[in-house]
Structure formats: structure tokens, C-alpha cells
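Notes for the structure review
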Amino acid sequence: MEVAANAPRMKALLQAHPNDVMIPPADDLYFCARIGRPFRSVKECGRLDFLPAASELIVKHLAWLLFFYAASVCAAGSGGTNAPEQRDKPVVILLSIDGFRWDYQANFTTPALDAIAANGIRAERMIPVFPTLTFPNHYSIATGLYPANHRLIGNRFPDLARDRHYDLTDREAVQDGSWYGGLPVWVAAEKAGMVTAAYYFVGTEAPIDGVAMSYWHTFDASVSGSDRVAQALAWLRLPEDSRPHLITLYFEDVDSTTHRFGPGSEEGIAAIQKVDGYLDELQQGIRGLPYRDKVYLVVVSDHGQSAYHSDAPAFIIDDAVSLKGVVTVDHGSAAFLYLRHADEQQAVRIRDAISQSWTHGRAMLREETPAAWHVTAEAGFADVIVQADPGYAVFTSLEAATHRSVGDHGWAPEFEDMHGIFLASGERLPKGQVIPAIRAVDVYPLLMEILGLEIQGPIDGDETLLPALLE
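This section reports on the structure supplied with the text. All chains use their own residue numbering, which begins from 1 and follows the written sequence. Local features in a predicted model are, by the rule used here, given only for residues with pLDDT of at least 70; side-chain atom pairs are given and counted only at 80 or more, and totals for whole chains, interfaces and linings are based on all residues. The side-chain quantities take in all heavy atoms of the structure and omit both hydrogens and water.

1. Section: unusual backbone geometry
- Proline 131 follows phenylalanine 130 through a cis peptide bond whose omega is -5°.
- Here the phi dihedral of aspartate 209 falls at roughly 55°; this positive angle occurs in a residue that is not glycine.
- Its relative accessible area of 51% is what places aspartate 209 among the exposed residues.
- Phi angles above zero are rare outside glycine, and histidine 374 is one such case at about 55°. Throughout, exposure labels follow a simple rule: accessible area from a 1.4 Å probe, protein chains only, divided by the maximum for the residue type, with under 20% read as buried, over 50% as exposed, and the rest as partly exposed.

Right, dumping it as C-alpha cells:
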């Protein structure tokens, strides 16, 4: 649900969200996009017809509370209207293909990706941050920071100090801005008076630093890629005062399919080609825009994908050492062990017991991890990090091991199968240029430069590497 503050804003919201209920703060009326007009009864719209008539007054009061809450949350953002000085800026579409490995484009048929590469730049590969998981890497792309500095250190992890837990499947946590540090590009844009929109991307469901995106969607895997593209194109057709200048899109098809069937499988190849088809739909729509030359496409993936050795049994940690008093997070390719109470001797005992029993990975105290992983206590990383060698599995228990997939990620970022992609096209970028490998944190400066936004504060990405390519 979105809240509209005025008639132009309402019109823009209706165009952007044709199936949602809108609540205007005027005339004591609801507005229903389904029937296309204001209404006084909840039942009249039909979207809330499960409510008894006696509940309508309660719902109306809740609507007002939601309006004032949304107004306060979005007060520092664009309010859904581009500031006059932002209206002539380019449009950036940041598109993520989850789990798209660096070599897929060369090995499989991807005409839409090939067209972007031919009309822009392509990195040989993009090196992910540690851990090589979806949420920390997407958010590093969006902020230019390592997880140690933006604090989104995994897909699932505890915050023992707050007695809370982040989990990618927990909508309350995902939509809680207190988990997200740094200044993601969409927040920087909104603060500068620039409208932004998301059809999924890590962090876009939460108000961060008190700022929400103008348009966003709660993640729903049942929404087809074509529908996501259609919505992005609808946003691009909005009037210039409400048209987003930054749009994020996310496609999980390749990752979810190769988890189940493995990279290189027939099903995985079909998923690659399906997502490439979504890209083609997007490109065709962009070509029909009168301002098409001002649209930049930036395509990334958060990590690659590899397969487990099918004949190698998983290492089970609690067969080797007691995990009493330990909060565990399993990923198959790695396990993270958090001590409920600081006890260096216990951490050492766990590390040594694992190392003495296992030949296909290593257990490390947090401070023993490679410097390139940027693991710190301050960010809340696990006390003991257990990293499997490529192709091997580790779980904290036999029960956890039942969730092992065929394909996976989460192995060390140095392992090339974990590397992803980066491509970008737009009028100021050279055509057909292949550049050396970049890091996930290096994308942010390019996004900011194209949008004409200043980087606020230190970041971990190279501030000149990609912007220097702009002509």
C-alpha cells in the first residue's frame, strides 16, 4: 500500500500501482484503484471485503495513522516528485541476476546480454564480498561498502547484543531499516530530491536513514519476470515530475534453479535464457521511449554458483565438538558459530576440534580470517567461521545437512566459480569495451556519477575506476 499526499501524486501512484488500494488524506475518502474512483465504504472497493461493516471505522483510523507514519518516514525523501534540478538527469536501471556466474555469458546463448556488452562495457568478472551470499553482496553493490561497514553480514545472522535475528524470509526484519548501514544509492537519490523505484533489490523494502523509496514492492517470487519488466517500463512512462531516475530490478530464476539442479544443467541453462528474454523485453521497451538515449542499463550478479561433490559426505560439526551455548548459522558451503557468551577458550576448542577432524575445509577464529574478507567483531561476524573447500559441504548437525542442495554458493570469494558479472551501457560509456575484473564495491561510484550525486563519506569501492570510463 502506498499513501498519496495530493492529486498529482495520487495519479502517479495509480499509474505505478494499478492493483493497490490508495488512501488520500483529504475529503475523508478512500481511493480504490480497482474501481478507479474514491469510495466511502471499504466493501465498495472489494479489496477488504472480508471485513465486517463494524470494522470500517477502525480501518479508516488505521489508514490515517498509516498516512501520518508514511509521511514522517518519507519526509527526507523526494515525496514522489522530482526536484526541478533533477528532472533532466539520466535514468539508471540497476538490474541483478542472482547467481549468474561470470562465465555463463560466454558458455550459453544470451543475445540480450551480448547486446548490452556490444553497446557498453563488460568486466571480465565481478569479485563478490565475503560471505558470497545474496544479501551482503547486493547491499555492497548498493552502498560501495564491505559488510563490515554496512553491517548486513549475511542472509541470516543473529545480533546477540539486541537479542534479535535477521533472516531473509522474515519480512519484519527485512523491512526494518535498523539492520542496514551505509547510504544506498536510492537513499542518496531520494535525499537529493530524485524519485526512485524498485521491483526488488536487497534493502529496498526498508526505510533506511529515515528514507523510503518512492515506489517499491514486497518480494514475491510468484511475480513473473515479465511482469516486473512491465512495471519498470510503466514507471519509465510516467510524467517527468514523478518518473523514477533510478529503478532496480531483480531476477532470482538462475540462482534458484541452479541451487536445485546445479550449474550447467538443462534446467539451469533454460533459466539463463529465460532471464535473458526478460532483458530483451526491457531493451525493446526502452527503445520505444522518447528519451531512450538517457537510459543507462547496469547489469550485475551478486555471486556465481558451483556444485557439491556428489560423492563427498558433508562434515558434521557436532559429531566433532559440542555446540552447547552456540548459535549456529548453516549455509552448506560454510557455517558460522556465535558464542552466546564471550569465551575465547571455548572458541579455540571448537576451532581445534574441527581442524583435527576435517581435511576439506578450515575453521578459523574471526580474527584469523584472511584480511581480504574484511571480517570484524564490531560488525557482528561469527566467533568461529567454518569454511568448506570448493565442492565440499559442512553442516552443524545431521538435521541441517538434510537441506543440502545440488548447487550452491558461499564458498570463499577467491574461488572463481563464486565470481559474478558486471555490464553497463549508456550514452557516456564506451561501446564494446572489456575491462579487467572489478569488485562488487566498485559499482556504487559509477551509479552515483551517472546520476550526478555526490558520494557522502568514505566508501570501500574505488571512486575513480569505473567513473573514469565515462566520456
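2. Considerations on helix H5 (residues 111-118)
- Numbering of helices and strands starts at the N terminus; helices are DSSP runs of H or I of at least 4 residues and strands are runs of E of at least 2. Among all positions of H5, only Ala112, Leu113, Ile116 and Ala117 are buried. One face of H5 carries all of its buried residues, which in axial projection span an arc of 145°.
- Should any heavy atoms of two residues lie within 4.5 Å, those residues are considered in contact. Next to the buried residues of H5 lie helix H4 (104-107), strand S6 (120-123), helix H12 (266-287), strand S12 (295-300) and strand S21 (422-425). Our arc is simply the arc of the directions from the helix axis toward the C-beta atoms.

3. Observations regarding the sheet that holds strand S17 (residues 361-365)
- Pairing in this open sheet of 4 strands is antiparallel, and the strands run S15-S16-S18-S17 from one edge to the other. Across the chains shown, the open sheet's two edge strands, defined by having one partner strand only, are strand S15 (326-330) and S17. Between one strand axis and the next, the sheet turns by 15° as a mean value, whatever way the strands run.
- Two strands pair under a simple rule: DSSP has to find at least two bridges between them. The sheet contact formed by S17 and strand S18 (residues 384-388) spans 5 bridges and is antiparallel. Residue pairing for S18: glycine 361 is matched across the bridge by alanine 388.
- Lines fitted to C-alpha atoms define the axes here, with helix axes fitted over just the stretch in contact, and angles between the N-to-C directions of these axes take values from 0 to 180 degrees. Against the sheet, helix H13 (residues 344-357) makes contact with S15, strand S16 (334-339), S17 and S18, and its axis sits at roughly 170° relative to S17, the strand it touches most.

4. Considerations on the nonpolar core
- We define the nonpolar core as a collection of buried residues of types Ala, Val, Leu, Ile, Met, Phe, Trp, Tyr and Cys that are connected through side-chain atoms lying within 4.5 Å of one another. Counting residues in hydrophobic clusters, the biggest one holds 72 residues, and the most contacted among them are Tyr166, Tyr180, Trp186, Val298, Phe422 and Val443.
- When residues no more than four places from it in sequence are discounted, the contact partners of phenylalanine 422 are Ile121, Arg122, Ala123, Met126, Val298, Val299, Val300, Ile438, Val443, Leu446 and Leu466.
- If you look at the next biggest cluster of nonpolar residues, it comprises 42 residues, including Ile97, Val195, Ile272 and Tyr291.

5. Some thoughts on the environment of phenylalanine 108
- Its place among the elements puts phenylalanine 108 in the loop between H4 and H5.
- Considering only alpha carbons, one finds phenylalanine 108 and glycine 264, 156 residues apart in sequence, at a separation of 9.3 Å.
- The contacts of phenylalanine 108, once residues within four sequence positions are left out, are Gly264, Ile269 and Ile272.

6. With respect to the layout of surface pockets
- Within this scheme a cavity is a closed region of a 1 Å grid, computed over the protein atoms alone, that accommodates a 1.4 Å probe without allowing it to escape, whereas a pocket is open but has protein on both sides within 12 Å along at least five of seven lines; lining residues each have an atom within 4 Å of a point. Grid points are joined across faces, edges and corners, and a volume is the space filled by probe spheres set on the points. Its volume calculated, the largest pocket comes out at about 870 Å³.
- Breaking the lining of the largest pocket down by element, the ones donating at least two residues are helix H6 (134-143), helix H8 (171-174), helix H10 (225-236) and helix H11 (253-261).
- No other element matches the 4 residues that H11 contributes to the lining of the largest pocket.
- The residue makeup of the lining of the largest pocket, split by class, is 14 nonpolar, 15 polar and 12 charged. All residues other than Ala, Val, Leu, Ile, Met, Phe, Trp, Tyr, Cys, Pro, Asp, Glu, Lys and Arg, Gly among them, are scored as polar; the first ten of these are nonpolar and the last four charged.

7. Some remarks on the packing of aromatic side chains
- When the centres of two rings from Phe, Tyr and Trp lie within 6.5 Å, Trp using its six-membered ring, the rings pair. Their planes under 30 degrees apart give stacked, over 60 give edge-to-face, and anything left gives tilted. Taken as a whole, this structure holds 21 aromatic pairs when the rule is applied.
- With 5.0 Å between their ring centres and 15° between their planes, phenylalanine 315 and tryptophan 358 make a pair best called stacked. Placement of phenylalanine 315 in strand S14 (residues 315-316) and of tryptophan 358 in the loop between H13 and S17 is noted, with a sequence separation of 43 residues between them.
- Relative accessible area serves as the criterion here: at 10%, phenylalanine 315 is assigned to the buried category.
- On the basis of relative accessibility, which here comes to 9%, the residue tryptophan 358 falls in the buried class.

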